Amino acid sequence: MDNFFLVFAYLLIGASAGFLGGLLGVGGGVVVVPALIFIFETTNTFSSPTLSTNAMVLFATGTSMASIIFTTGSSAVAQFQRKNIDWTMVRIWLPMLMVGAFASSYIAKFLPVQMLKAIIGSFLLFVATVLLLNKLPTSKHNSPRAGSTAVVASAGGLVSGLVGIGGGNVVVPSLLYFNTPIVRAAAVASTCGLGVALAGATGYFINGSDINHPHTLGYIYLPALIPIAIANTICAPLGVHFAQRIPADRLKKVFGGMMCLVSIHMFYSMVAP
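So, a few notes on the structure that sits alongside this text. All chains use their own residue numbering, which begins from 1 and follows the written sequence. Where local features are concerned, this predicted model is filtered to residues with pLDDT of at least 70; where side-chain atom pairs are given and counted, the filter is 80 or more; whole-chain, interface and lining totals use all residues. Calculated side-chain values reflect all of the structure's heavy atoms, with hydrogen atoms and water omitted.

### Comments concerning the overall build of the protein
Inference 1: Helix and strand assignments come from DSSP, with helices taken as H or I runs of at least 4 residues and strands as E runs of at least 2, each series counted from the N terminus. Counting secondary structure elements, the protein contains ten helices and two strands.
Inference 2: The secondary structure elements of the protein, listed N-terminal to C-terminal, are α-α-α-α-α-α-α-α-β-β-α-α.
Inference 3: Each residue gets one of three labels from its accessible area relative to the maximum for its type: buried under 20%, exposed over 50%, partly exposed in between, using a 1.4 Å probe on protein chains only. A buried classification covers 49% of the 273 residues belonging to the protein.
Inference 4: Each accessible area value is a Shrake-Rupley result obtained with a 1.4 Å probe; residue values ignore everything except the protein chains displayed when judging cover. Of the roughly 13100 Å² of accessible surface on the protein, a fraction of 69% belongs to carbon and sulfur atoms.

Laid out in C-alpha cells, this is it:
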C-alpha cells in the first residue's frame, strides 16, 4: 500500500476514533486497535521473521495506548477546568488501574496471537452489546468496598492494556453501576484514562525495547501513532459538539452494530487461512 494512502488511512482511523469517542463516550481504542490489526495484516507490516507471531497485535495495542495519552490528556484538562473531577474517587481508582495497565504488556507478550484476538473480539462484542441494549444494571450501594474497587480497577486496567483502550469503557460502566452521576463518572474516567494510557504505553515501550524494527519505540509504531494522535485530538471536540445535536440512542445502536461486525471479523481472522 502506498505511503500516502497509509497516512490517509491512519488519519481516518484517528478522526473516526476521536469523533465517535466525543460523540458516544466510547474509548477510541475500540476503533483504533481492530483497524490497525487489519492494516498491519493487509500490508504485512510486521511479518519479519525476527518478530514473534503476535507482534502485529502488540504493535496495534501499544500504538493505541500511546495515542490515547493525547486524547485523554486534553479531556482531563477540560474536566479539570470545569471542576468536574472527584479527586477522592480518582485516588481510589487510579493506582490499581495503572498497575493493571502496566502489567498487561508483560502478559500480552506471552499470549498467542489467536488468544489476543479472542480477547479483543470478546471485548468488542461486550461494548457492542452495551451500546445496543443501552442499559446497565444498578447497585443499591453508592460505592464499592475497598477490596472490590482494587479488584475491579486492577482487572479493568489489565483489560484496558490488553485491548488497547484508555479505561473509560471499564470505569464509566462500573461507576454508573454504583449510581455515580454520568458527568462525575466521565470526569473520573478521563482523568484515570490518562494514567492508564501512560502506564500501558510505558509497559509496551519497555517490553518491546529489544525489538529492532524501523520507526518503532518498543511496541509503538510511530508512522501510525503520529497521524492517529493528531486526527484524534482534532476530531474529539467535534464529536462532543455534535453530541448535542444528533440523537445519541440511534447512533449508539448503529455503532453497536458496526462493533458486532468488527468483532465477527476478529473471530473469523482467528481461523481463516
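### Structural notes on the packing of helix α2 (residues 29-43) against helix α5 (residues 113-133)
Inference 1: In the contact formed by α2 and α5, the axes pass within 11 Å of each other and the chain directions differ by 140 degrees. The angle between the axes of α2 and α5 places the two elements in the oblique class. The two elements α2 and α5 cross, and the hand of that crossing is left-handed. For the pair α2 and α5, contact is made by Val30, Val33, Pro34, Ile37 and Glu41 and by Lys117, Ile120, Phe123, Leu124 and Val127, respectively. Interaxial angles span 0 to 180 degrees and are taken between N-to-C directions of axes, which are lines fitted to C-alpha atoms, for helices over the stretch in contact. Here roughly perpendicular refers to angles of 65 to 115 degrees, roughly parallel to angles under 35, roughly antiparallel to angles over 145, and oblique to all remaining angles. Crossing handedness is defined as follows: a turn of the near helix away from the far one that is anticlockwise and smaller than a right angle gives a left-handed crossing, while the clockwise case is right-handed. For this analysis, residues touch if any pair of their heavy atoms sits within 4.5 Å.

### Some details on the side chain of Ser160
Inference 1: Mapped onto the elements of the fold, Ser160 is located in helix α6 (residues 146-163).
Inference 2: Setting aside its immediate chain neighbours within four residues, Ser160 contacts Met65, Ile165, Gly166, Gly167, Val170 and Val196.

### Digging into a nonpolar patch on the surface
Inference 1: Within the patch definition used here, like charges are joined within 9 Å and nonpolar side chains (Val, Leu, Ile, Met, Phe, Trp, Tyr) within 5 Å, considering only residues with over 30% relative accessible area and no salt bridge. Throughout this description, the term salt bridge denotes a Lys or Arg side-chain nitrogen within 4 Å of a carboxyl oxygen of Asp or Glu. Together, Phe102, Tyr106, Ile107, Phe205, Ile206 and Leu217 line one region of the surface with nonpolar side chains, adding up to about 490 Å² of accessible area.
Inference 2: Contributions of two or more residues to the nonpolar patch are made by α4 (87-108) and α8 (182-207).
Inference 3: At three residues, α4 tops the list of elements feeding residues into the nonpolar patch.
Inference 4: The residue Phe102 is located in helix α4 in this model.
Inference 5: For Phe102, a relative accessible area of 30% corresponds to the partly exposed category.

### Details of the packing of helix α3 (residues 55-81) against α5
Inference 1: It is at 9 Å that the axes of α3 and α5 come closest, and there the two elements cross at 40 degrees. Here Met56, Val57, Leu58 and Thr61 of α3 lie close against α5, whose contacting residues are Val113, Leu116, Lys117 and Ile120.

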